[in-house]
Every structure is written in C-alpha cells, then in structure tokens.
Amino acid sequence: ATPVVRAALKLAPMLLLRPGELRYAEGPEIDLEAAMWTVPDARMKRELREKMHGAPHLVPLPKQAVAVLKDLHPLTGHARMVFRGERHHDRAMSENTINAALRAMGFPADEVTGHGFRATARTMLHERLGFSPDVIEAQLAHSVRDSLGRAYNRTEFIEQRRAMLQAWADFLDKLRRGP
C-alpha cells in the first residue's frame with residue numbers, strides 16, 4: 001500500500017472513527033501540538049439538524065497517532081485532503097481503499113472491515129482495559145439514547161477519552177509486538 005493508505009490503516013483501529021470521518025480528514029482539523037483532531041459536525045453520522053448546528057467531534061490523539069500524522073505530513077501536509085486519493089490528490093481516498101488493503105493483506109471480508117475496528121475496540125476497551133461504556137460511547141460519537149439524556153447530558157469526557165485512547169494505542173502496540 002502507499003504511505004497514505006498505510007497511515008490510514010494505522011489510524012483506523014486506533015482512533016475509533018468511522019471510515020468516512022477518517023478518509024475525509026482535512027489538514028486544518030488536526031492540531032498536532034495540542035494532539036487533537038476536530039471532526040466537523042457536518043461530517044459526522046447525525047441527523048441533518050445536528051450536522052448543521054451540532055458540535056464538532058473532538059478526537060484526542062495518542063502519541064502514536066501524532067507520530068503517524070507527522071510522518072505523513074511531508075506527503076500530504078500541503079494538500080487539503082490528509083488521506084488523498086492516489087489518482088486525484090484533491091479528493092479523499094476511495095471508500096473501498098481501506099477494505100481493499102485489508103483484503104490484500106489476506107483478511108477476508110467476513111473477518112475484518114475498516115468499520116469493524118470500532119466494534120472490536122468497543123468490546124476490548126470495556127472487557128480487557130476496563131474503560132467506562134459512557135467514555136467509550138463518547139469516543140465512538142454515539143448519541144445518548146433517551147430524550148432527557150440528549151437534552152441535559154453535554155459531557156464530552158475529553159480527558160478520560162485522551163487517557164483511554166492512549167491506553168488503547170499502547171495496547172495495540174503490545175498486540176503488534178506479540179507475546
């Protein structure tokens with residue numbers, strides 16, 4: 001895979017973003033000094049009203065994600081799209097790119113998908129690393145289910161999510177290194 005696709009493959013399981021939220025990343029959204037990615041509300045999976053008037057989704061960046069993005073910067077840092085298409089640098093990479101790369105690595109479609117990283121992380125963050133479902137759900141950008149919760153719950157758990165994503169990135173590094 002290209003360096004852009006490799007970077008996306010590293011970040012997809014680490015940051016818990018939906019594939020479209022990841023691949024449409026634009027440079028100004030990412031503050032490497034503050035280790036924070038601000039995904040615009042319009043790009044989030046939300047109702048139209050929330051897309052137009054909602055808050056952006058804040059994604060604290062673990063040190064491993066900052067390193068990946070710094071390594072990618074010489075290639076795409078001056079372009080609008082962080083994960084640009086191979087043929088058209090002014091567009092985001094194809095929605096099929098991550099899954100195609102996973103297939104090329106030998107992972108069957110019924111075993112691994114780009115979107116499936118979110119479910120895996122959701123399970124492992126709670127069961128193996130002991131993080132609160134509320135914090136995990138906030139990182140996954142899932143809306144509060146009940147109407148009173150939506151009306152009154154404005155918690156973002158930024159510092160808890162920062163700690164969680166760093167622990168998650170460290171856990172993924174440990175898995176990669178093996179026993």
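None of the values given here were measured: they were computed from a predicted structure.

Cut-offs and rules
Residues numbered from 1 in each chain as written. Predicted model: local features only at pLDDT ≥ 70, side-chain atom pairs only at ≥ 80, totals over all residues. Heavy atoms only, no water. Helix = DSSP H or I, 4+ residues; strand = E, 2+ residues; numbered from the N terminus. Contact = heavy atoms within 4.5 Å. 1 Å grid on protein atoms, 1.4 Å probe; cavity = no way out; pocket = protein on both sides within 12 Å on 5 of 7 lines; lining within 4 Å. Points joined across faces, edges and corners; volume = space filled by probe spheres on them. Nonpolar A, V, L, I, M, F, W, Y, C, P; charged D, E, K, R; others polar. Axes fitted to C-alpha atoms, helices over the stretch in contact; angles between N-to-C directions. Parallel < 35°, antiparallel > 145°, perpendicular 65-115°, else oblique. Left-handed = near helix turned anticlockwise from the far one by under 90°. Phe/Tyr/Trp six-rings, centres within 6.5 Å; stacked < 30°, edge-to-face > 60°. Buried < 20%, exposed > 50% of the residue type's maximum accessible area, 1.4 Å probe, protein only.

**A closer look at the environment of A35**
- With respect to the secondary-structure elements, A35 resides in the loop between β1 (30-31) and β2 (36-39).
- Those residues in contact with A35 that sit more than four places away from it in its chain are V59, P60, L61, V66 and R162.

**Some words on the layout of surface pockets**
- Of the pockets and cavities examined, the second largest pocket occupies roughly 670 Å³.
- Lining the second largest pocket we find 25 residues, and of these L9, K10, P13, F117 and L172 sit closest to its centre.
- Considering only residue class, the lining of the second largest pocket consists of 16 nonpolar, 4 polar and 5 charged.

**Remarks on the packing of helix α6 (residues 116-127) against helix α7 (residues 133-140)**
- Between α6 and α7, whose axes approach to 10 Å, the crossing angle comes to 160°. On the basis of the axis angle, α6 is roughly antiparallel to α7. For the element pair α6 and α7, the recorded crossing hand is right-handed. Contacts between α6 and α7 involve R118, R122, L125 and H126 from the first element and P133, I136, E137 and L140 from the second.
- When its residues are assigned to classes, the contact of α6 with α7 shows 4 nonpolar, 1 polar and 3 charged.

**Re the packing of aromatic side chains**
- Considering all chains together, one arrives at 1 aromatic pair under this definition.
- Ring geometry for W168 versus F171: centroids 5.7 Å apart, planes at 20°, classification stacked. With W168 and F171 both in helix α9 (residues 158-177), this residue pair falls 3 residues apart, about one helical turn.

**Points about the environment of K63**
- Relative to the helices and strands, K63 is located in helix α4 (residues 63-76).
- With relative accessibility at 56%, the residue K63 sits in the exposed group.
- A sequence separation of 107 residues divides K63 from D170, and the C-alpha atoms of the two residues are 9.3 Å apart.
- Once residues lying within four places of it in the same chain are set aside, the contact partners of K63 are Q166 and D170.

**Some remarks on the packing of helix α1 (residues 3-15) against helix α5 (residues 97-104)**
- With their axes 10 Å apart at the nearest point, α1 and α5 run at an angle of 90° to one another. As judged from the angle between their axes, α1 and α5 are roughly perpendicular. Residues V5, A8 and L9 of α1 touch α5, and the partners they reach there are T97, I98, A101 and L102.
- The class makeup of the residues in the contact of α1 with α5 is 6 nonpolar, 1 polar and no charged.

**Some details on empty space enclosed by the protein**
- Evaluated as defined, the whole model comprises 2 cavities of 30 Å³ or more.
- Of the pockets and cavities examined, the largest cavity occupies roughly 50 Å³.
- Around the largest cavity, the lining residues are A12, L17, R18, P19, L22, I98 and G114.
- When grouped by side-chain class, the residues that make up the lining of the largest cavity number 5 nonpolar, 1 polar and 1 charged.
- By volume, the second largest cavity amounts to about 30 Å³.

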